Amino acid sequence: MRNAVHDAVWSGSWVAERLGVELVGDDALRSLLGLALRRNPKRAHLLVSNVLGKHVPQSPSVVYGHGFRLGRKVAGLLSPAEARAAVVLGYAETATGLGHAVADGLGTAPYLHSTRRPVDGVAPAGGFEESHSHATSHLLLPEDPALLAGDGPLVLVDDEFSTGNTVLNTIRDLHGRYPRARYVVVALVDMRSAEDVARMERFAEETGARLDLVAAASGAVRLPEDVLIKGQQVVAAHETQPGASEGPHRPAPVVRVDLRWPHRLPDGGRHGFTPAHRARLEAALPEMAARINDALPAGARRVLVLGFEELMYAPLRLARELEQVADAEVRFSTTTRSPVLAVDHPGYAIRTRLVFPAHDDPADGPGERYAYNVAGGGFDAVVAVVDSVADTPALHAPDGLLARLGAHTPHVLLAVVPSYAPHAPERPAMLPEPLRGPAFSSYPPEEVGWLLQDLSDVTLEAPTEEREEAIQSGGAHYAESLPVEYQPSEQYQELFHAALDTSAARIAQAVGVVTETVVAERSPRPVLVSLARAGTPVGILMRRWARFRHGLDLPHYAVSIVRGRGIDANALRWLAAHHDPRDVVFVDGWTGKGAITRELAQAVEEFEEKEGITGFDPEIAVLADPGSCVRTYGTREDFLIPSACLNSTVSGLISRTVLRADLVGPDDFHGAKFYRELAGADVSVAFLDAVAARFPEVADAVGTAVKELMAEDRTPTWAGWRAVERISEEYGIHDVNLVKPGVGETTRVLLRRVPWKILSRAGAGADLDHVRLLAEQRGVPVEEVGELPYSCVGLIHPKYTRGATGADGRAVSV
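Figured I'd write up the structure that's included with this text. (Residues numbered from 1 in each chain as written. Predicted model: local features only at pLDDT ≥ 70, side-chain atom pairs only at ≥ 80, totals over all residues. Heavy atoms only, no water.)

**Focus: the sheet that holds strand 10 (residues 210-222)**
Thought 1: Spatially, 1-10-9-8-4-5 is the arrangement adopted by the six strands of the open sheet, whose pairing is mixed. With partners counted over all chains shown, the strands left at the sheet margins are strand 1 (22-25) and strand 5 (111-113), one partner each. The average undirected angle you get between the axes of adjacent strands in this sheet is 25°.
Thought 2: Pairing between strand 9 (residues 182-190) and strand 10: eight bridges, direction parallel. Paired with Val185 across the strands is Leu213, a residue of strand 10.
Thought 3: Set on the sheet, helix 6 (residues 165-177) makes contact with strand 4 (87-90), strand 8 (154-161), strand 9 and strand 10; between it and strand 8 the angle comes to about 160°. (Pairing = 2+ DSSP bridges. Helix = DSSP H or I, 4+ residues; strand = E, 2+ residues; numbered from the N terminus. Axes fitted to C-alpha atoms, helices over the stretch in contact; angles between N-to-C directions. Contact = heavy atoms within 4.5 Å.)

Right under this line is the structure:
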């Protein structure tokens, strides 16, 4: 059996002939509808939609297109202001996907569908009865009850209107709680009688609200008086015949497909689906469909994507995306609770029926579930899409859905969408959106989003000596205050620009190498997450390289990590809610001894244990790895990165990050300041432009370097950490946190801390000119050392007090 929508025989003729049922109305009506018989004592006939994607496998583009076009009709009916304020409500189970497609067509409307699945901890915001249905109780379970409390139009979507009773029950229930001025009713087909139409008009007058109707086609079903008795007789006669379509009982070979569904993205509209959710889904669909396509058997020519009861929209969108890329004919339908007679006749809409036990532990107890027109459909593969609540032993049992499918197709794939559960009320469900320039930072808004809170109006700066004493005495953590921003002298600024001219090509090559390594080994579309603030210019440069070389527009964010306090857990929560954690690549400027590398690994492990969110890879990608702490780097040379020469004026005018209990609550992002007043000295974008301008000339060298790098053993040796431990003991410091190796870290010591002395590798050249100048300005001795794995090492004044007593017990001027 190959069920085709446009069979020469109308798929309602079998019922029409035996029961005397007539379908009259628009010319398109018979192409949209067939007829079948219900196994239901309340109603004999069933209008079977050919374009709903429930009982009849259909092209997903056709299914989605019908709903989307209805949404566009609604948008044309409403004023722009009404459209912006509208909410769309779909009906379980058959119209959950249709309603969602209507919301997409409307464009800006949030979506909610009724459900028959109660959810612990979510109080119903309403409910109603569907009088003719086999399962009548509908619940409304929005995560945010305010979703239904607005005064904009409510758009109610069902697959068909036979009497209008369900819609009237819904409006009656909701209008008493959340009265509004306008309702729009949407259906694929309007099959009401004149009496039903008049009743709806009277109801609108009683409520005082405007009630409009939008449908793809309209008509009527003419039923003889004895249709219910005749229908029951016909059903009884055919139910006693052998159910050959069930197929043999045998285990089904099942291939699981890991969709990498975006974390905390709702699986549908059961608890509400917002335009922001829609944007996240649209962005993720191509890769999810590609994973399904990659898992399909070679040579498959006809593929069915089979959704699960109320879970219609997510499988529909996956199927529609798959239809664009697969070298196969793709069809879509879903399983259902509805008991319908199957008759293998071209004039009957339900040709075959698979029966299997419910597999989602339904609240109303166990029972049969059905998949229609799948057996005999000629499918080379069936992709079953269920939510995680339904991925149970019953699904995989010998009489379960997967086994039933395996009897009728050689390949069964299973894709599981995480069942969305609303956030616990004690934690805010929504974190703020990232800060962006020009309101926060001098970077263009598309270059980086800062997962920080703006503390620009708070006085946080303290004199360097006061901060150092407080930090070393244990009286304060370094992240609780900020150093006074260093204002470079004219001579120092000249050194910066000279260093940039000299090293721009070398930096550009390192940017290209680390970015190509990330794309090849970590993710083809990575989400770059810079460790603020030194990592931020590097992240932007990596983003620019990805666009230059691959045409990619990569997301890029900056987050805070604090030594001894870990990474900002709320920032990780935000990232997991908007992206697949497995695509996140943490970025920093350089490694010193590897303290932040270790800090990040520990913080991610603790976050996963506490939050239950997995997938983040704690390995940092860096421009330079002189400490041999990571596997993903642009170079392991310790050379001057000009962005290390300055503070905020090369980092978008953003301060280092702040973590203080009176300013940063448990549900807040860490903080930082935007130094707008330093705009005259800002070289942030100039630095980026100077490096990016060298991309074309280093492109070939990058390709060669990446090939060589891939062939090398890049296992971290942690040589830098061992060198730091040795220096700490040799110089009597006995605290590795006061030893800062590498050009970048040494520069930070001179700019932000109280330096004791600088160790310089013998023969180090122009890379250290700015270090020598800063040391001279601050009266810090520079000591040349023969055996040093870094170009230089900065030593923070040990055991500092404002009496300036050093480790050797003598006073040291600074």
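**Structural notes on the nonpolar core**
Thought 1: Ranked by size, the top nonpolar core spans 130 residues in total, and within it Leu37, Val88, Leu106, Val155, Val186, Tyr348 and Leu405 carry the most contacts.
Thought 2: With seven residues, strand 9 is the largest single contributor of residues to this core.
Thought 3: If you look at the next biggest cluster of nonpolar residues, it comprises 86 residues, including Ile507, Ala508, Tyr633 and Val683. (Core = buried A, V, L, I, M, F, W, Y, C linked by side-chain atoms within 4.5 Å. Buried < 20%, exposed > 50% of the residue type's maximum accessible area, 1.4 Å probe, protein only.)

**Digging into the environment of Ala705**
Thought 1: Within the element layout of this structure, Ala705 appears in helix 19 (residues 695-711).
Thought 2: Sequence spacing of Ala705 and Ala510 is 195 residues, and the spatial spacing of their C-alpha atoms is 9.2 Å.
Thought 3: Not counting the four nearest positions on each side in its chain, Ala705 is found in contact with Gln509 and Val513.

**Overview of the sheet that holds strand 17 (residues 412-417)**
Thought 1: Taking strand neighbours across the sheet as the criterion, the five strands line up as 11-17-16-12-13 in an open arrangement whose pairing is parallel. Looking at which strands have only one partner, the edges of the open sheet turn out to be strand 11 (254-257) and strand 13 (329-335). The average angle at which neighbouring strand axes cross in this sheet is 25°, direction not considered.
Thought 2: Pairing geometry for strand 11 and strand 17, over four bridges, is parallel. In the strand pairing of strand 17, Val257 is matched with Ala415.
Thought 3: The strands touched by helix 10 (residues 313-325) are strand 12 (302-308), strand 13 and strand 16 (381-387); relative to strand 13, the strand with the most contacts, the crossing angle is about 175°.

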